[in-house]
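Geometric and topological summary
Okay, here's what each chain looks like letter by letter:
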Amino acid sequence: VAGVERAAQLRKESKSANFDLDHIKILLDGVVESKTAYLNEPYCNNDESEKDFRGLVLFDAETLTATLKKANELGLITHIHSMGDGATKTSLDSHEKAGTVPKMRNAITHLQLVNPSDIERMAKLGIVAVTNPYWFTKDLSYDLSAACIGEERAAAQYPMKSLFDEEIKVTTASDYPILTVFNPLQDIQRGVMRQLLNQPETLLGGNERVTVEQMIEAVTLNGAYQFKCEDKLGSITVGKQADLAILDTDITACKPENISDAKVLRTMIGGEWVYTRAE
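Residues numbered from 1 in each chain as written. Predicted model: local features only at pLDDT ≥ 70, side-chain atom pairs only at ≥ 80, totals over all residues. Heavy atoms only, no water.

It is worth spelling out the pattern of salt bridges at this point. Counted according to the given criterion, the structure contains 12 salt bridges. Between lysine 69 and glutamate 73 there is a salt bridge, with its nearest N and O atoms 3.7 Å apart. Taken together, the positions of lysine 69 and glutamate 73, both in helix H2 (residues 61–73) and 4 residues apart, correspond to about one turn of that helix. Lysine 69 gets classed as partly exposed once you look at its relative accessible area, which sits at 41%. A network of salt bridges, in which partner residues are shared, links Lys89, Asp93, Glu96, Asp118 and Arg121. (Salt bridge = Lys/Arg side-chain N within 4 Å of Asp/Glu carboxyl O. Helix = DSSP H or I, 4+ residues; strand = E, 2+ residues; numbered from the N terminus. Buried < 20%, exposed > 50% of the residue type's maximum accessible area, 1.4 Å probe, protein only.)

Rendered as structure tokens:
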């Protein structure tokens, strides 16, 4: 709780018209590939001596509940790192105990494994789902996670359509600097395709594919919603700040595999052109 109070003080000291430290990040578990993500059921490759091992949870329930409650009381939005379904369940349990409300826009990020019943709980609590579409394929990290949790659970990683279906506010993030790819067009393409180009064997959860329009909403208006600035950002609307980019391609009409090829022709911030493509 002392850390939350310190964060609130830093926010007060640094806040300006274009800068606001209104979020705090809470690392609740680790990652599946190192067996540090916190699961509802044990890892499948445990030794006999640790056959019930489910990973690590870094906050006890009482501390997490108190942290969430204090943060929201001080006007801070919470952003919980949760890879395992056990961590997400723990997060939601603490949100319920803390009495957090949808208007705070509290978020859970990564959501690698999520129990379907907890997706319903996220919707009821008004939790924002911060996703990382770059990971939505079968690649080396998939092979590593499958070795730890088995093919059935691995194949159900990173839900997306299920989140939209429950009318959860879904946003996207690059997870920089863990990943150094932060191209929203690539995120849109990956959310729609969930596989690498010309590699159908890398398809991860075809039933969780979403539409281009849903992905555009995730990277624009929903992102503004998460940061409580949808009244001035996130869409081209009279009365909002004129932040926009012009592409050379209609990404709602082109083939999904061509979305990330679109080029930015011009960029406007606050009604002023700040970038024009040289060619």
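Following the structure, the description resumes.
Turning our eyes to something else, we now look at helix H8 (residues 212–219). Every buried residue belonging to H8 is among Val212, Met215 and Ala218, and all of these are buried. Buried residues in H8, looked at end-on, bunch into an arc of 120 degrees, giving them a common side. Packing partners of the buried residues in H8 comprise helix H6 (161–165), strand S5 (170–172), helix H7 (184–193) and helix H9 (221–226). (Arc of directions from axis to C-beta. Contact = heavy atoms within 4.5 Å.)

Attention shifts here to the pairing of strand S7 (residues 264–269). The pairing of strand S6 (residues 244–247) with S7 spans 4 bridges and is classified as antiparallel. Across the sheet, the residue bridging to leucine 247 is valine 264, located in S7. Where S7 and strand S8 (residues 272–276) come together, 4 bridges link them in antiparallel fashion. When the bridges of S8 are listed, isoleucine 269 appears paired with glutamate 272. (Pairing = 2+ DSSP bridges.)

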